[in-house]
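In case you want the letters, here they are:
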Amino acid sequence: MDGASDNDSGAELSVGAESARAGDSVDLLSRVLAAPRTGRMRDIVSTLQGEQDRIIRTPGKGALVVTGAPGTGKTVVALHRAAYLLYTEPVRRAGGVLVVGPNAGFLRYIEQVLPALGETDVVLAQATDLYPVDEAVLAVEYPLVARLKGDLRMVELLRRAVSDRQRLLAEPVTLLIEDVEVVLRPEIVRRARDAARASGEPHNQARDTYTEVVLEDLLDQFLSATSGGPSHSEPTPNPDNDPTQRLSSALADGLAKELIDEVDGGTSRTQALAALHRSVDVRREVNLRWMPLTPEKVLRDLFADEDQLRAAAPDWRPADRAMLARRRDAAWTREDIALLDELAALLGPPPRGAADRATAAAQAAAQHEAVRFASDTLRAFGMAETLSPDELARRYGVDDHLVDHRPLAERAAADPSWAYGHVIVDEAQDLTPMQWRMVLRRCPSRSLTIVGDLDQRSGVAARPRTWADVLGPHLSSWREETLTVNYRNPGEHLEFARHRLREVGVDITAVDSARWGGTISEVEIADTDLPALVVEELDACQGTLAVVTGEPGALAKELPADVTVVTPVEAKGLEFDTVVVLDSDDIVDRLGSGDLYVTLTRATQRLVLVRRATPCAAAYTP
């Protein structure tokens, strides 16, 4: 909620809360709930209810879980809470807001809510968008493989996979440096590896420590052979002035020559460093034992190599390791994204060339100076409380070509390492443990609004019994708030959903409905009659219509363009005036009771359950 906004959101929220207590609020709420849907979520400041207002105003420290049955307003409350926190706690504004949603349709549905409340520093993303890959469409994983890749066992497997690329030396290797023989010794390689690991840096950054230790030993050997004794120079306090350390960094990006040219060229030590750089033997052996790596290379190599998998997961059952095996050129899947992100954290960014390092340093210096100048200016004019120095510097940076003037949301979306001021996770019950790790890396403050309903968890696996089962491995504490009134579905729909879920052995949490008067019909038709039935329902519908099916196939091509065809997973978070459900028994059998519950609670007016006389053949659909 921008302080300069025409609509002061803090005031709006207060007005909304007062309106909810006013005599005409019931009529206003009834009209809003009965109005046809437009395909976009609206803000609720004019119809805010008491329990919603209380949760929106919950202080932002730590994680808050907002739970409740379908249609209770969890998502819109979370969005309004984010706007409220940004308005009342401006310090969060520097990082912006990340909203993680279940599908692309949901993100389109909610994309106007926060801008309508004055907040534009918002990134909307699916969990699979958080680490960028080249593929526009991610492949679908078999359910058992998907479950395995989402399990926390993958953390240790990936850690071992990286460690296995930090190789020791079985026996001494003789290297040639300008006709002088030196020896790469196993004990030195081990010492270098241990020092690099002890640094606590990611693999690619720790490589500088590794190469420094190895090169120092080789350098002493070379100097002893060429000048009668090793160089026992004292370490300099400034690492940037230490030629050995600079060469170790340079070997990571192949740019040692230009660094050597920068230091005092007349000393024997510098000449020796240049000789080390020119030695093909040195570059080969040093690099092979601790190569710069990318997440993509590590994961492709791991899954394509049975020996690497066995080394990374020695205590796994062979059948589990076999589920991960695939061709090196296989397409990325949705479940691979969290694994790539985990590897990115283990590896760190790849080494940059000298030109890139110089540009980054210049940008950092320019940004620092611009922020310092902006801070002094704001204090001088008594405006320190109205605008942050970072924002002023971004708008009016003195070195225009060096300062990134892109909007915060654009900069954040392009930077996988961005730290957000607040994160909303919607349909949180569906995130895998590995996806939770990916999300939480982007929220070091742990300021979270977690939205979900355990009864709506997708898949046929046993659903978690409590939020502790979901969040316990990732968060040390959180608070829980429950919304108790359904504003989307007529009471008849909720009663039907409870009865239908009870038939398949699932008891769902009871919830009150704000209104009644919905209609439900059940029909059995031939497969060929489905398009005519949908057209008939569309003609009778005053708003939006969706067909929900576990196997959409080419169905959308047979129906009018203004009919939405979705799977239960794609329907999550959405609502329509009329919903036609195809073969609900097929949905619960293949996708689980949670997806059936989702399907039966999307309609705001009319629910039509269709049983086709010749149901389509069951095939796996996520």
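Computed from a predicted structure; not experimentally measured. (Residues numbered from 1 in each chain as written. Predicted model: local features only at pLDDT ≥ 70, side-chain atom pairs only at ≥ 80, totals over all residues. Heavy atoms only, no water.)

Let's shift gears to the packing of helix α18 (residues 336-347) against helix α22 (residues 433-441). Across the interface, α18 lies against α22 with an axial gap of 9 Å and an inter-helix angle of 50°. It follows that α18 is oblique to α22 by the angle criterion. In this structure, α18 crosses over α22, and the sense of that crossing is left-handed. Residues Ile337, Ala338, Leu339, Asp341, Glu342 and Ala345 of α18 form the contact with α22, whose participating residues are Met434, Gln435, Arg437, Met438 and Arg441. Within the contact of α18 with α22, the residues separate by chemical class into 6 nonpolar, 1 polar and 4 charged. (Axes fitted to C-alpha atoms, helices over the stretch in contact; angles between N-to-C directions. Helix = DSSP H or I, 4+ residues; strand = E, 2+ residues; numbered from the N terminus. Parallel < 35°, antiparallel > 145°, perpendicular 65-115°, else oblique. Left-handed = near helix turned anticlockwise from the far one by under 90°. Contact = heavy atoms within 4.5 Å. Nonpolar A, V, L, I, M, F, W, Y, C, P; charged D, E, K, R; others polar.)

Turning our attention to the packing of helix α27 (residues 584-591) against helix α28 (residues 593-600). Two numbers describe how α27 lies on α28: the axes approach to 7 Å, and their chain directions differ by 145°. Residue-level contacts link Ser584, Ile587, Val588 and Leu591 of α27 to Ser593, Asp595, Leu596 and Thr599 of α28. Residues belonging to the contact of α27 with α28 are distributed by class as follows: 4 nonpolar, 3 polar and 1 charged.

Moving on, we come to the pairing of strand β3 (residues 122-126). The two faces of a sheet get side chains in turn, since along a regular strand they alternate between them. Counting buried positions along β3 gives 4 out of 5 residues, so the element sits mostly inside the fold. Here strand β2 (residues 97-101) pairs with β3 via 5 bridges, running parallel. Bridged to Val100 within β3 is Ala125. (Buried < 20%, exposed > 50% of the residue type's maximum accessible area, 1.4 Å probe, protein only. Pairing = 2+ DSSP bridges.)

Before going further, it helps to examine the sheet that holds strand β8 (residues 479-483). Read across the open sheet, the 6 strands follow the order β3-β2-β6-β7-β1-β8; overall the sheet is parallel. In this open sheet, the two edge strands, each paired with only one partner strand, are β3 and β8. Taken pair by pair, the neighbouring strands of this sheet meet at an average axis angle of 15°, ignoring direction. In terms of strand pairing, β2 meets strand β6 (residues 422-425) through 4 bridges, oriented parallel. Bridging from a neighbouring strand, Val99 pairs with Ile424 of β6. Lying over the sheet, helix α4 (residues 74-88) contacts β1 (63-68), β2, β6, β7 (448-452) and β8, oriented at roughly 175° with respect to β7. Together, β2, β6 and β7 form the strand contacts of α22, whose direction differs from that of β6 by roughly 155°.

Summarizing the sequence annotation, UniProt attributes the feature "binding site: ATP" (unreviewed entry) to Gly68, Ala69, Pro70, Gly71, Thr72, Gly73, Lys74 and Thr75 in the numbering used throughout. As for its position among the elements, Gly71 is in the loop between β1 and α4. Sequence-distant contacts of Gly71, that is, excluding residues within four places in its chain, are made with Val485, Asn486, Tyr487 and Arg488. Relative to the helices and strands, Gly73 is located in the loop between β1 and α4. If sequence neighbours within four positions are ignored, Gly73 has contacts with Gln52 and Leu483. (UniProt positions renumbered as here; feature names shortened; annotations may be inferred.)

In this section: the sheet that holds strand β15 (residues 603-612). What the 5 strands build is an open sheet, ordered β11-β15-β14-β12-β13; its pairing is parallel. For this open sheet the edge positions go to β11 (519-525) and β13 (563-566), each flanked by a neighbour on one side alone. Across this sheet, the average inter-strand angle for adjacent strands is 20°, counted without regard to direction. As paired elements, strand β12 (residues 545-548) and strand β14 (residues 576-582) share 4 bridges and run parallel to each other. Residue pairing for β14: Leu545 is matched across the bridge by Thr578. Contacts from helix α25 (residues 530-540) reach β11, β12, β13, β14 and β15, with the element oriented near 165° to β15.

Turning our eyes to something else, we now look at the nonpolar core. One recurring pattern in soluble globular proteins: nonpolar side chains tend to sit buried together. Ranked by size, the top nonpolar core spans 55 residues in total, and within it Leu157, Leu299, Leu302 and Ile450 carry the most contacts. Among the elements that take part in this core, α18 stands out by supplying 6 residues, more than any other. The residue makeup of this core includes at least three contributed by each of domain 1 (51-130 + 416-483) and domain 2 (143-163 + 294-347). Leu302 has contacts with Leu157, Leu158, Ala161, Gln308, Leu309 and Ala312, leaving out every residue within four places of it along the chain. Counting residues in each nonpolar core, the second largest holds 49 residues, with Ala83, Phe106, Leu501 and Ala571 among its members. (Core = buried A, V, L, I, M, F, W, Y, C linked by side-chain atoms within 4.5 Å. Domains from an automatic or database assignment.)

Another aspect to go through is unusual backbone geometry. Only a minority of non-glycine residues have a phi that is not negative, and only a minority of peptide bonds are not trans. Backbone geometry at Arg446 places phi at a positive 60°, although glycine is not the residue there. With respect to the helices and strands, the residue Arg446 is situated in the loop between α22 and β7. A relative accessible area of 31% places Arg446 in the partly exposed class.

Applying the stated criterion across every chain, the model contains 39 salt bridges. Of the charged contacts in the structure, one is a salt bridge between Glu285 and Arg289, with a shortest N-O distance of 2.6 Å. Separated by 4 residues within a single helix, Glu285 and Arg289 lie in helix α14 (residues 280-289), roughly one turn from each other. Under the relative-accessibility criterion, Glu285 is labelled buried at 8%. We note a salt bridge from Glu495 to Arg498, for which the minimum N-O separation is 2.8 Å. One end of the pair, Glu495, and the other, Arg498, are both in helix α24 (residues 491-503), 3 residues apart, so they sit about a helical turn from each other. Overall, Glu495 belongs to the partly exposed group, its relative accessible area being 41%. Bridged by salt links that share partners, the residues Asp341, Glu342, Arg437, Arg441 and Arg442 form one connected network. (Salt bridge = Lys/Arg side-chain N within 4 Å of Asp/Glu carboxyl O.)

What follows covers the environment of Tyr109. Here Tyr109 is to be found in helix α5 (residues 104-110). In this structure the side chain of Tyr109 is engaged in a polar contact, spanning 3.3 Å, whose partner is the side chain of Glu575. (Polar contact = N/O pair within 3.5 Å; in protein donor to acceptor, adjacent residues only side chain to side chain.)

Okay, the confidence of the model for the protein chain next. Summary statistics for the protein chain give a mean pLDDT of 83 and a share of 78% for residues scoring 70 or more. The low-confidence segment residues 231-241 (pLDDT under 50) makes 11 contacts with residues lying over four places distant or belonging to another chain. Per-residue pLDDT stays below 50 along residues 617-622; that stretch engages in 16 contacts with residues further than four places along the chain or on separate chains. (pLDDT = per-residue confidence, 0-100.)

The next thing to look at is α25. Burial in α25 covers these residues: Leu530, Leu533, Val534, Glu537 and Leu538. Looking straight down α25, one finds its buried side chains confined to an arc of 135°; they lie on one side. Looking at α25, the residues exposed on the side facing more than 90 degrees away from the buried face are Ala532, Glu536, Asp539 and Ala540. Looking at the buried residues of α25, the elements they touch are β11, β12, β13, β14 and β15. (Arc of directions from axis to C-beta.)

Further remarks concern the pairing of β6. Burial of the side chains of β6 extends over both faces: His422 and Ile424 are buried on one face and Val423 and Val425 on the other. Two elements, β6 and β7, share 3 bridges in a ladder whose sense is parallel. Within β7, the position partnered with Val423 by the bridge is Leu448. Taken together, β6, α22 and β7 constitute a β-α-β crossover, and its handedness is right-handed. (Right-handed = clockwise from strand over helix to strand, strands pointing away.)

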